Amino acid sequence: MQMRRRDREVRDDARIDGIIRACRCCRLGFVDGDRCYIVPLSFGFTHEGERVFYFHSAREGRKAALARAAGRASFELDCGYRLHEDASPCGYSCAFQSVMGEGRISEVTEPEEKLQALRHILDHTAGEGRSWTFPSGAADTVTVLRLTAETLSCKVHD
């Protein structure tokens, strides 16, 4: 699908990745029968050939069940919101940066990838540059989901 406001579209990979890294929350969207389910999550991110998002989850619950059953999810991130006021109500606007897309979602089961995914999540939420080590068996207590983006669009309005 083509973006309606092409003047706001961002196509530069480095700029898109910078916007993703500036966002604090990623919302995952699933189809649940004839209903929709959206959940806000902290996340980790890497772009090495493919854009991959990582999320941690309890083993059970709606999010984990939908990820396992559907194998696909949509995602949305946004940041940089600023209200632009105007004398006229119709003149109000806002600045923002957003990234949306969809892709394959699956559970990470290989132990070393799972630990690396948890490091990506911690790097994103707590800051890079630390050497994250985990107690033995810690990764066994959490589910890690990997979303590989198949489509992605980025929009900026200053």
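Residues numbered from 1 in each chain as written. Predicted model: local features only at pLDDT ≥ 70, side-chain atom pairs only at ≥ 80, totals over all residues. Heavy atoms only, no water.

Asker: Tell me about the overall build of the protein, and name the residues and values.
Answerer: A count of helices and strands for the protein gives three helices and eight strands. Secondary structure elements of the protein occur, N-terminal to C-terminal, as β-α-β-β-β-β-α-β-β-α-β. Considering only C-alpha atoms, the protein reaches an extent of 60 × 45 × 30 Å along its principal axes. Within the protein, the fraction of its 158 residues that count as buried is 38%. (Helix = DSSP H or I, 4+ residues; strand = E, 2+ residues; numbered from the N terminus. Buried < 20%, exposed > 50% of the residue type's maximum accessible area, 1.4 Å probe, protein only.)

Asker: Could you give an account of the side chain of arginine 51, with specific residues and numbers?
Answerer: Note that arginine 51 resides in strand β5 (residues 50-57). Only 3.1 Å separates the side chain of arginine 51 from the side chain of aspartate 13, close enough to count as a polar contact. Setting aside chain neighbours within four positions, we find arginine 51 in contact with Asp13, Ile16, Asp17, Ile20, Phe45, Thr46, Leu147, Thr148, Ala149 and Leu152. (Polar contact = N/O pair within 3.5 Å; in protein donor to acceptor, adjacent residues only side chain to side chain. Contact = heavy atoms within 4.5 Å.)

Asker: Please give an account of the nonpolar core that cites residues and values.
Answerer: By size, the foremost hydrophobic cluster in this structure holds 28 residues, and its most contacted members are Leu28, Phe43, Phe53, Phe55, Phe75 and Leu77. Within the residue set of this core, elements represented by two or more residues are α1 (13-22), β2 (26-32), β3 (35-41), β5, α2 (62-70), β6 (72-84), β7 (93-107) and β8 (143-157). Broken down by element, the residue count for this core peaks at five residues, all from β8. Once residues within four sequence positions are removed from consideration, phenylalanine 75 is found in contact with Cys26, Arg27, Leu28, Phe53, Val99, Met100, Gly101, Glu102, Leu147, Ala149, Thr151 and Leu152. Counting residues in hydrophobic clusters, the runner-up holds nine residues, among them Tyr54, Val108, Ile121 and Val144. (Core = buried A, V, L, I, M, F, W, Y, C linked by side-chain atoms within 4.5 Å.)

Asker: Could you give me a rundown of the packing of aromatic side chains, with the residues and numbers involved?
Answerer: Tallying each qualifying case throughout the model produces three aromatic pairs. Ring plane angle 40° and centroid distance 4.9 Å describe the contact between phenylalanine 53 and phenylalanine 75, whose orientation is recorded as tilted. One end of the pair, phenylalanine 53, is in strand β5; the other, phenylalanine 75, is in strand β6, and 22 residues separate them in sequence. The pair formed by phenylalanine 53 and phenylalanine 75 is uniform in burial state, with each residue classed as buried. Linked through ring pairs, Phe43, Phe45, Phe53 and Phe75 together constitute an aromatic cluster. (Phe/Tyr/Trp six-rings, centres within 6.5 Å; stacked < 30°, edge-to-face > 60°.)

Asker: Describe α1, naming the residues involved and giving the relevant values.
Answerer: The α-helix advances 3.6 residues per turn, and as a result positions three or four apart in sequence lie on the same side. What α1 keeps buried is the set Ile16, Asp17, Ile19 and Ile20. One side of α1 holds all its buried residues, which, seen down the axis, span an arc of 160°. (Arc of directions from axis to C-beta.)

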